[in-house]
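For reference, the chains in residue letters:
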Amino acid sequence: MFGGELTLSTFGDMGMADTPDAAKIMHGQLETDAGYTIMAADVPGHMEYQPAAGFSVSLSGDDGDALAGYFKQLAAGGTLAMPLAKQAWGDEFGMCVDQFGISWMVNISQPQA
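Please read all numbers here as calculations on a predicted model, not as lab measurements.

Reading guide: rules and limits
- Residues numbered from 1 in each chain as written.
- Predicted model: local features only at pLDDT ≥ 70, side-chain atom pairs only at ≥ 80, totals over all residues.
- Heavy atoms only, no water.
- Phe/Tyr/Trp six-rings, centres within 6.5 Å; stacked < 30°, edge-to-face > 60°.
- Pairing = 2+ DSSP bridges.
- Helix = DSSP H or I, 4+ residues; strand = E, 2+ residues; numbered from the N terminus.
- Axes fitted to C-alpha atoms, helices over the stretch in contact; angles between N-to-C directions.

A. Structural context of the packing of aromatic side chains. Using the criterion set out here, one finds 4 aromatic pairs in the structure. Ring geometry for Trp89 versus Phe93: centroids 5.6 Å apart, planes at 65°, classification edge-to-face. An aromatic cluster is built from Phe2, Tyr36, Tyr70 and Trp104, whose rings are joined through pairwise contacts.

B. Up close: the sheet that holds strand β1 (residues 5–10). The 3 strands lie next to each other as β1-β2-β3, forming an open sheet whose pairing is antiparallel. Across the chains shown, the open sheet's two edge strands, defined by having one partner strand only, are β1 and β3 (37–40). Averaged over neighbouring strand pairs, the angle between their axes works out to 10° when direction is ignored. Direction of pairing for β1 relative to strand β2 (residues 25–31): antiparallel, over a ladder of 6 bridges.

Structural data, given as structure tokens:
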């Protein structure tokens, strides 16, 4: 949904081909069309998996069309916590949990008077 170039390296690619984690992602990187980078990794077997909790990922900026589109795609198949709407501080803001259980906050800045 963010567009761009995705690069994935598995634990197997990094010399751990004969382990149960061989197919898991050690380094995942998305260089987006908008010029920012998102990185992620799988939890290896020797570490306890903890579902996502206690945090949100925030997207902020002034490109209303792009940010509203991201919000719509993130909320699809997930849970809408707060619709994207004008707030008391003047910006548009919304919150959702995507289909993978990740909480997102999206803030669209409004021009300052």
